[in-house]
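Observations on the model geometry
Chain by chain, the residues run as shown.
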Amino acid sequence: MNRLFQSLAAFVLAAAATLGHAQAPQAPEVAAKAYLLVDVNSGQSLASRDADAPVEPASLTKLMSAYLVFDALKAKKISLTQALPVSELAWKAPGSRMFIDPKMQVPVEDLIKGMIVQSGNDATVALAEGVGGSAEQFVEMMNRQAKALGMHASGFRN
(Lines give C-alpha, C1' and ligand atoms only; values in the text may rest on other atoms or scores of the structure.)
Protein backbone atom coordinates (compact mmCIF):
# COMPACT_ATOMS: atom_id res chain seq x y z
CA MET A 1 0.00 0.00 0.00
CA ASN A 2 2.85 2.35 0.87
CA ARG A 3 4.44 1.70 -2.55
CA LEU A 4 1.11 2.45 -4.30
CA PHE A 5 0.79 5.71 -2.38
CA GLN A 6 4.38 6.70 -3.30
CA SER A 7 3.73 5.96 -6.99
CA LEU A 8 0.51 7.93 -6.96
CA ALA A 9 2.18 10.87 -5.21
CA ALA A 10 5.03 10.85 -7.75
CA PHE A 11 2.50 10.87 -10.60
CA VAL A 12 0.56 13.79 -9.11
CA LEU A 13 3.76 15.80 -8.57
CA ALA A 14 4.95 15.10 -12.12
CA ALA A 15 1.56 16.12 -13.54
CA ALA A 16 1.53 19.31 -11.47
CA ALA A 17 5.05 20.20 -12.59
CA THR A 18 4.06 19.64 -16.22
CA LEU A 19 0.93 21.78 -15.85
CA GLY A 20 2.89 24.47 -14.03
CA HIS A 21 5.18 24.83 -17.04
CA ALA A 22 2.43 24.87 -19.64
CA GLN A 23 2.91 27.70 -22.10
CA ALA A 24 0.37 30.46 -22.33
CA PRO A 25 -1.37 30.66 -25.69
CA GLN A 26 0.32 32.96 -28.19
CA ALA A 27 -1.23 36.39 -28.49
CA PRO A 28 -3.28 36.94 -31.63
CA GLU A 29 -2.12 39.40 -34.28
CA VAL A 30 -3.75 42.76 -33.64
CA ALA A 31 -3.96 45.44 -36.31
CA ALA A 32 -2.74 48.19 -33.99
CA LYS A 33 0.65 49.81 -33.59
CA ALA A 34 0.32 49.67 -29.80
CA TYR A 35 -1.91 47.72 -27.44
CA LEU A 36 -2.17 46.17 -23.99
CA LEU A 37 -4.42 43.21 -23.08
CA VAL A 38 -4.98 42.75 -19.34
CA ASP A 39 -6.97 40.15 -17.41
CA VAL A 40 -9.24 42.41 -15.35
CA ASN A 41 -9.71 39.79 -12.63
CA SER A 42 -6.03 39.18 -11.91
CA GLY A 43 -4.50 42.37 -13.30
CA GLN A 44 -2.06 40.19 -15.24
CA SER A 45 -0.79 41.49 -18.56
CA LEU A 46 -1.66 38.88 -21.20
CA ALA A 47 -0.27 40.48 -24.34
CA SER A 48 1.13 43.81 -25.47
CA ARG A 49 2.96 45.65 -28.19
CA ASP A 50 4.62 49.01 -27.51
CA ALA A 51 2.27 49.46 -24.57
CA ASP A 52 4.13 52.52 -23.28
CA ALA A 53 4.63 54.20 -26.65
CA PRO A 54 3.00 57.64 -26.83
CA VAL A 55 0.06 57.73 -29.26
CA GLU A 56 -2.33 60.48 -30.27
CA PRO A 57 -5.74 59.70 -28.75
CA ALA A 58 -7.87 61.25 -31.55
CA SER A 59 -11.57 60.87 -30.70
CA LEU A 60 -10.75 58.70 -27.71
CA THR A 61 -10.59 61.96 -25.77
CA LYS A 62 -14.35 62.00 -26.21
CA LEU A 63 -14.50 58.90 -23.99
CA MET A 64 -13.00 60.86 -21.10
CA SER A 65 -15.28 63.78 -21.94
CA ALA A 66 -18.29 61.45 -21.88
CA TYR A 67 -17.08 59.94 -18.60
CA LEU A 68 -17.02 63.39 -16.98
CA VAL A 69 -20.36 64.40 -18.50
CA PHE A 70 -22.04 61.22 -17.22
CA ASP A 71 -20.41 61.78 -13.83
CA ALA A 72 -21.87 65.30 -13.76
CA LEU A 73 -25.29 63.86 -14.66
CA LYS A 74 -25.01 61.28 -11.88
CA ALA A 75 -24.01 64.00 -9.40
CA LYS A 76 -26.98 66.10 -10.63
CA LYS A 77 -24.68 69.00 -11.60
CA ILE A 78 -26.45 69.00 -14.98
CA SER A 79 -29.58 67.31 -16.33
CA LEU A 80 -30.43 65.77 -19.69
CA THR A 81 -33.11 68.38 -20.31
CA GLN A 82 -30.94 71.34 -19.32
CA ALA A 83 -30.18 73.55 -22.32
CA LEU A 84 -26.59 74.75 -22.66
CA PRO A 85 -25.48 77.78 -24.64
CA VAL A 86 -23.20 77.39 -27.65
CA SER A 87 -20.09 79.55 -27.42
CA GLU A 88 -18.07 80.93 -30.32
CA LEU A 89 -15.35 78.44 -29.38
CA ALA A 90 -17.77 75.51 -29.67
CA TRP A 91 -19.27 76.85 -32.90
CA LYS A 92 -15.85 77.25 -34.52
CA ALA A 93 -14.53 73.85 -33.36
CA PRO A 94 -12.82 72.21 -36.36
CA GLY A 95 -13.31 68.63 -37.49
CA SER A 96 -16.43 66.53 -36.98
CA ARG A 97 -19.45 68.60 -36.03
CA MET A 98 -23.14 68.44 -35.21
CA PHE A 99 -23.56 71.97 -36.61
CA ILE A 100 -24.71 73.97 -33.60
CA ASP A 101 -24.32 77.75 -33.50
CA PRO A 102 -24.20 80.58 -30.93
CA LYS A 103 -27.88 81.43 -31.44
CA MET A 104 -28.84 78.03 -30.03
CA GLN A 105 -29.50 76.64 -26.56
CA VAL A 106 -29.07 72.86 -26.92
CA PRO A 107 -30.33 70.23 -24.45
CA VAL A 108 -27.57 68.18 -22.81
CA GLU A 109 -29.17 65.00 -24.16
CA ASP A 110 -28.81 66.26 -27.76
CA LEU A 111 -25.24 67.39 -27.14
CA ILE A 112 -24.37 63.94 -25.79
CA LYS A 113 -25.79 62.35 -28.94
CA GLY A 114 -23.83 64.85 -31.03
CA MET A 115 -20.64 64.03 -29.14
CA ILE A 116 -21.04 60.24 -29.20
CA VAL A 117 -22.91 59.50 -32.43
CA GLN A 118 -21.50 62.20 -34.69
CA SER A 119 -18.20 62.59 -32.82
CA GLY A 120 -19.01 66.28 -32.89
CA ASN A 121 -16.23 68.50 -31.61
CA ASP A 122 -18.67 71.41 -31.33
CA ALA A 123 -20.99 69.38 -29.08
CA THR A 124 -18.03 68.20 -26.99
CA VAL A 125 -16.80 71.77 -26.43
CA ALA A 126 -20.31 72.93 -25.48
CA LEU A 127 -20.57 70.08 -22.95
CA ALA A 128 -17.07 70.78 -21.63
CA GLU A 129 -17.97 74.41 -21.04
CA GLY A 130 -21.29 73.43 -19.44
CA VAL A 131 -19.67 70.94 -17.04
CA GLY A 132 -16.30 72.60 -16.41
CA GLY A 133 -17.15 76.27 -16.77
CA SER A 134 -14.60 76.60 -19.58
CA ALA A 135 -12.76 74.30 -21.96
CA GLU A 136 -9.53 74.91 -20.02
CA GLN A 137 -11.10 73.97 -16.68
CA PHE A 138 -12.65 70.88 -18.25
CA VAL A 139 -9.23 69.79 -19.54
CA GLU A 140 -7.92 70.13 -15.99
CA MET A 141 -10.81 67.94 -14.81
CA MET A 142 -9.91 65.37 -17.49
CA ASN A 143 -6.30 65.25 -16.30
CA ARG A 144 -7.31 64.89 -12.65
CA GLN A 145 -9.68 62.06 -13.54
CA ALA A 146 -7.05 60.33 -15.68
CA LYS A 147 -4.63 60.35 -12.72
CA ALA A 148 -7.38 59.06 -10.40
CA LEU A 149 -7.96 56.17 -12.82
CA GLY A 150 -4.24 55.32 -12.79
CA MET A 151 -3.52 56.80 -16.21
CA HIS A 152 -0.25 58.34 -15.05
CA ALA A 153 1.33 58.50 -18.51
CA SER A 154 -1.73 60.15 -20.08
CA GLY A 155 -2.34 63.84 -20.44
CA PHE A 156 -4.99 65.96 -22.09
CA ARG A 157 -4.52 69.43 -23.47
CA ASN A 158 -6.42 71.75 -25.73
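That block above? That's the structure.
Here's a quick rundown of the structure. Not measured: the values here are computed from a predicted model.

This next bit is on helix H5 (residues 121-132). Counted at 1.5 Å a residue, the expected span for H5 with its twelve residues is 16 Å, and the 16 Å between its end C-alpha atoms agrees. Most of H5 sits inside the fold, with ten of its twelve residues counted as buried. Those residues of H5 that fall on the buried side of the exposure criterion are Asp122, Ala123, Thr124, Val125, Ala126, Leu127, Ala128, Glu129, Val131 and Gly132. Residues of H5 that are buried sit in contact with helix H2 (61-74), strand S3 (83-85), helix H3 (88-91), helix H4 (108-116) and helix H6 (135-148). Trailing H5 by a residue or two, glycine 133 shows a phi angle of about 95 degrees, which is positive.

Our focus in this paragraph is the pairing of strand S1 (residues 35-38). Judged from the four bridges that link them, S1 and strand S2 (residues 45-49) form a sheet pairing that is antiparallel. Bridged to leucine 36 within S2 is serine 48.

Moving on, we get to the nonpolar core. Of all hydrophobic cores here, the largest spans 29 residues; its most connected members are Val69, Ile78, Ile100, Val108, Leu111 and Leu127. At the level of elements, H2, H4, H5 and H6 are the ones that each hand at least two residues to this core. When near neighbours in sequence (up to four residues on either side) are disregarded, valine 69 contacts Ile78, Ile112, Leu127 and Val131.

So, on to unusual backbone geometry. Positive phi, close to 45 degrees, is recorded for aspartate 50, a residue that is not glycine. Among the structural elements, aspartate 50 can be located in the loop between S2 and H2. In this model, serine 119 sits at a positive phi of 55 degrees, which is unusual for a non-glycine residue. Among the structural elements, serine 119 can be located in the loop between H4 and H5. Taking relative accessible area as the criterion, serine 119 reaches 17% and is therefore assigned buried.

Here we take up the environment of threonine 81. Of note, threonine 81 is situated in the loop between H2 and S3. A residue is classified by how much of its surface remains accessible, and threonine 81, at 70% relative accessible area, is exposed. Between the C-alpha atoms of threonine 81 and valine 106, which are 25 residues apart in sequence, the distance is 8.9 Å.

Before going further, it helps to examine the layout of surface pockets. Over the atoms a probe the size of a water molecule is rolled, and this reveals where empty space is left. The calculated volume of the largest pocket comes to roughly 1,600 Å³. Lining the largest pocket are 42 residues, with Pro57, Ala58, Thr61, Gly155 and Phe156 sitting closest to its centre. Breaking the lining of the largest pocket down by element, the ones donating at least two residues are S1, H2, H5 and H6. Among the elements that line the lining of the largest pocket, the one with the most residues is H2, at six residues.

Each value, and the rule that gives it
Residues numbered from 1 in each chain as written. Predicted model: local features only at pLDDT ≥ 70, side-chain atom pairs only at ≥ 80, totals over all residues. Heavy atoms only, no water. Helix = DSSP H or I, 4+ residues; strand = E, 2+ residues; numbered from the N terminus. Expected span 1.5 Å × (residues − 1). Buried < 20%, exposed > 50% of the residue type's maximum accessible area, 1.4 Å probe, protein only. Contact = heavy atoms within 4.5 Å. Pairing = 2+ DSSP bridges. Core = buried A, V, L, I, M, F, W, Y, C linked by side-chain atoms within 4.5 Å. 1 Å grid on protein atoms, 1.4 Å probe; cavity = no way out; pocket = protein on both sides within 12 Å on 5 of 7 lines; lining within 4 Å. Points joined across faces, edges and corners; volume = space filled by probe spheres on them.

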